[in-house]
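Breakdown of the fold
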Amino acid sequence: MKSKILVTGGLGFIGSHTVVELQANGYDVIIIDNCSNSTEKVLEGIYNITGIRPDYENIDLRIKNDVVDFFSRHKNIAGVIHFAASKAVGESVHNPLLYYENNLSTLIYLLQQINESNQSNFIFSSSCTVYGEADSLPITENAPIKPAISPYGNTKQVGEEIIKDVCFANTDFQAIALRYFNPIGAHDSTQIGELPIGVPLNLIPYITQTAIGIRKELSIYGDDYPTEDGTCVRDYIHVVDLAKAHVIALERLLNNKANTNFEVFNLGTGIGNSVLEVVQSFEKVSNSSLNYKIVPRRSGDVTAAYADTTLANEVLGWKTSLNLDQAIASAWKWEQKINKK
Ligand code: WQD
């Protein structure tokens with residue numbers, strides 16, 4: 001068994017797929033998750049894929065003493081991949097303090113403990129939302145960080161700044177921030193996938209829930225954007241491709257291959273697709289027609305965002321292998337599994 005890796009939020013959508021890839025690469029994984037946006041049943045899904053049930057502790061990282069206690073009991077952690085955070089853009093606007101507490105105080109308590117251990121390797125789950133409405137496309141890691149348009153986006157920007165300052169103060173502390181574009185899809189085994197609570201905020205689960213009959217119709221938020229078909233453009237990346245990038249980034253730190261002790265990488269396909277193109281892709285892979293209507297724009301949406309993947313491809317040595325149709329087909333297969341059509 002290779003090194004022991006802590007995955008916070010490891011029962012979540014991206015976290016669980018990353019745990020599977022870590023185990024597939026021989027890592028010994030321990031998960032911390034407070035199940036505020038996930039369920040312990042995900043452990044069974046991970047086990048059914050890899051045959052290894054990861055260690056798991058139900059800890060709320062907002063309780064500093066519990067974080068200190070965890071690290072007092074686990075001295076041999078070689079790396080940490082930090083997913084645990086709230087991530088609903090709209091919710092963050094209405095409840096900013098929940099986001100600042102849950103996304104930043106937990107990060108600080110984690111960093112305080114890791115920073116004291118001699119093996120400090122930290123992977124941070126960041127987001128393309130830090131770029132806001134980018135001035136040019138595709139978006140590179142040097143694109144200016146725009147003022148956040150939501151407290152959620154601000155917690156990612158501030159989170160990166162906090163980590164950068166820790167790296168500056170302690171050159172033995174190594175970190176990589178991974179800026180995700182739009183993660184979609186599910187593991188092909190249909191053992192794990194996205195489990196949105198309540199009405200899905202994101203496009204793909206709303207599409208699959210409409211198709212399976214849970215939702216009446218998809219509302220497309222605006223078709224008057226300055227894009228080819230008027231709908232917003234995003235970079236939809238298969239969650240398994242995204243998970244594999246985390247293992248590669250972690251090993252870059254474990255093997256001391258990083259150029260500096262704080263690096264940032266965009267994780268996307270490099271391809272932008274509009275909402276209507278996503279709908280067309282779904283209709284093709286599901287061989288069905290989707291009920292949808294055009295409604296006014298959603299506040300906070302940017303017109304277009306897709307990644308320049310040069311740094312991830314050439315420096316990190318990672319690139320996506322699954323395309324939009326494959327990602328959407330996996331999401332549909334998962335939806336049919338969990339809501340038995
Ligand atoms: C995509 C497009 C909507 C729902 C998300 C996360 C954010 C970050 C990036 C990780 C937009 C349109 C959506 C619907 C629609 N990920 N849409 N009808 O807003 O790009 O951001 O990915 O950090 O945290 O929130 O993703 O899926 O909500 O929207 O028309 O019912 O689909 O307007 O153009 P978004 P999304």
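Anyway, here's the lowdown on the structure attached to this text. Sequence order as written defines the numbering, with residues in each chain counted from 1. In view of the model being predicted, local features appear only for residues whose pLDDT reaches at least 70, and side-chain atom pairs are presented and counted only at 80 or more, with totals across whole chains, interfaces and linings using the full set of residues. Side-chain measures were taken over the full set of non-hydrogen atoms in the model, leaving aside hydrogen atoms and water.

Quick look at the overall build of the protein chain now. On a plain count of helices and strands, the protein chain comes out with eleven helices and 13 strands. Here the protein chain has a C-alpha radius of gyration of 19 Å; the compact-globule value for 341 residues is 20 Å, and the two agree. Across its three principal directions, the C-alpha atoms of the protein chain cover 55 × 45 × 40 Å. Exposure categories follow from relative accessible area, calculated using a 1.4 Å probe and restricted to protein chains: below 20% of the type maximum is buried, above 50% is exposed, and the middle band is partly exposed. Put simply, the protein chain has 341 residues, and 55% of those count as buried. Throughout, a residue-residue contact means that at least one pair of heavy atoms, one from each residue, lies within 4.5 Å. Put simply, 79% of the contacts in the protein chain that link residues at least 6 apart link residues at least 24 apart. Per-residue accessibility takes into account occlusion by the displayed protein chains alone, with areas from the Shrake-Rupley method and a 1.4 Å probe. Carbon and sulfur atoms make up 48% of the accessible area of the protein chain, which amounts to about 15,000 Å² in all. Of note, the protein chain has its 28 positive side-chain charges centred 4 Å away from the centre of its 38 negative side-chain charges. For the purposes of this entry, the term helix denotes a DSSP run of H or I that reaches at least four residues, the term strand denotes a run of E that reaches at least two, and both are numbered from the N terminus. We compute the radius of gyration over the C-alpha atoms and compare it with the globule rule, which gives 2.2 Å times the number of residues raised to the power 0.38. None of His or the chain ends enter the tally, which takes Lys and Arg as positive and Asp and Glu as negative. Here the site of a charge means atom NZ of a Lys, CZ of an Arg, CG of an Asp or CD of a Glu.

To continue, consider the side chain of Thr-208. Here Thr-208 shows up in helix α7 (residues 203–212). A residue is classified by how much of its surface remains accessible, and Thr-208, at 2% relative accessible area, is buried. Discounting chain neighbours no more than four positions away, the residues touching Thr-208 are Phe-282, Ala-331, Trp-332 and Glu-335.

So, on to the packing of helix α1 (residues 13–24) against helix α8 (residues 239–254). What counts as an axis is a line fitted to C-alpha atoms, over the stretch in contact for a helix, and the angles between N-to-C directions run from 0 to 180 degrees. Direction vectors running N to C along α1 and α8 enclose 60 degrees, while the axes themselves pass 8 Å from each other. One element, α1, and the other, α8, form an angle in the oblique class. The crossing of α1 and α8 is right-handed. The residues of α8 that touch α1, namely those facing Phe-13, Ile-14, His-17, Thr-18, Glu-21 and Leu-22, are Val-239, Val-240, Leu-242, Ala-243, Lys-244, His-246, Val-247 and Leu-250. Roughly parallel covers angles under 35 degrees, roughly antiparallel covers those over 145, roughly perpendicular covers 65 to 115, and oblique covers all other angles. Here a crossing is called left-handed whenever its near helix is offset anticlockwise from the far helix by less than a right angle, and right-handed whenever the offset is clockwise.

The terminal C-alpha atoms of helix α5 (residues 96–116) lie 30 Å apart, and with 21 residues this matches the ideal 30 Å at 1.5 Å per residue to within 8%. Listed in full, the buried residues belonging to α5 are Tyr-99, Asn-102, Asn-103, Leu-104, Ser-105, Thr-106, Leu-107, Leu-110, Leu-111, Gln-113 and Ile-114. As for α5, its buried residues are in contact with β1 (4–8), α3 (64–73), β4 (77–82), α4 (89–94), β5 (121–127) and α6 (151–169). Helix span is expected to be 1.5 Å times the residue number reduced by one.

Proximity is defined per residue: if any heavy atom of the residue lies within 4 Å of a molecule or strand, that residue is considered near it. Surveying the vicinity of the ligand reveals 20 residues, the closest of which are Tyr-152, Leu-203, Ser-219, Arg-234 and Asp-301. Here a polar contact is taken to be a pair of N or O atoms separated by no more than 3.5 Å, where protein atoms must pair a possible hydrogen donor with a possible acceptor and residues adjacent in sequence count only if both atoms sit in side chains. Asn-202 places a polar side-chain atom, nitrogen or oxygen, 3.1 Å from an oxygen atom of the ligand. Contacts to the ligand include Tyr-221, whose backbone N or O atom sits 3.0 Å from an oxygen atom. Sorting the residues of the shell around the ligand by element identifies α7 and β8 (218–221) as the ones contributing at least two each. Top contributing element to the shell around the ligand by residue count: β8, with four residues. Counted by class, the shell around the ligand contains twelve nonpolar, four polar and four charged residues. Put simply, Ala, Val, Leu, Ile, Met, Phe, Trp, Tyr, Cys and Pro go in the nonpolar bin, Asp, Glu, Lys and Arg in the charged bin, and everything else, Gly too, in the polar bin.

Further remarks concern the side chain of His-246. You can see His-246 is positioned in helix α8. Owing to a relative accessible area of 0%, His-246 belongs among the buried residues under this scheme. Only 2.8 Å separates the side chain of His-246 from the backbone oxygen of Leu-242, close enough to count as a polar contact. When sequence neighbours within four positions are dropped, the list of residues in contact with His-246 reads Ile-14, Thr-18, Ile-81, Phe-83, Ile-123, Leu-178, Tyr-180 and Leu-267.

A separate point is the sheet that holds strand β2 (residues 28–32). Two strands form a pair only when DSSP identifies at least two bridges running between them. A sheet is described by the order of its strands in space; here seven strands give the open sequence β3-β2-β1-β4-β5-β6-β11, paired in parallel fashion. At either margin of the open sheet sits one strand with a lone partner, and together these are β3 (55–57) and β11 (262–267). Strand-to-strand twist in this sheet, taken as the mean axis angle between neighbours without regard to direction, amounts to 20 degrees. Where β2 meets β3, three bridges bridge the pair, whose relative direction is parallel. Bridge pairing in β3 places Ile-32 opposite Glu-57. Against the sheet, α5 contacts β1, β4 and β5, and its axis sits at roughly 165 degrees relative to β5.

It is worth spelling out the nonpolar core at this point. The nonpolar core is taken to be a set of buried Ala, Val, Leu, Ile, Met, Phe, Trp, Tyr and Cys residues, with the residues joined through side-chain atoms within 4.5 Å. Among the nonpolar cores identified, the biggest contains 38 residues, and Ile-5, Leu-22, Ile-31, Ile-123, Leu-178 and Leu-267 are the most heavily contacted of them. Tallying contributions element by element places α8 first for this core, with eight residues. Within the second largest apolar cluster, 24 residues are counted, among which are Ile-59, Leu-110, Ile-163 and Ala-175.

It is worth spelling out unusual backbone geometry at this point. Residue Pro-138 is bonded to the preceding Leu-137 through a cis peptide linkage, with omega at -5 degrees. You can see Pro-138 is positioned in the loop between β5 and α6. With a phi angle near 55 degrees, Cys-35 is a residue other than glycine that sits in the positive phi range. Following the sequence through the fold, Cys-35 ends up in the loop between β2 and α2 (41–50).

Ring pairs shown here join Phe, Tyr and Trp side chains whose ring centres sit within 6.5 Å, with only the six-membered ring taken for Trp; geometry is labelled stacked below 30 degrees between planes, edge-to-face above 60, and tilted in between. According to the stated counting rule, one finds three aromatic pairs in the structure shown. Here the aromatic rings of Phe-70 and Phe-71 are separated by 5.3 Å at their centres, their planes lie at 80 degrees, and the arrangement is edge-to-face. Residues Phe-70 and Phe-71 agree in their burial class; the two are buried. Between Phe-282 and Trp-332, the ring centres sit 5.3 Å apart and the planes meet at 80 degrees, which makes this aromatic pair edge-to-face. With Phe-282 in helix α9 (residues 275–286) and Trp-332 in helix α11 (residues 324–338), the pair connects residues that are 50 residues apart, well separated along the chain. A relative accessible area of 1% means that Phe-282 is categorised as buried. You can call Trp-332 buried: its relative accessible area is 9%.

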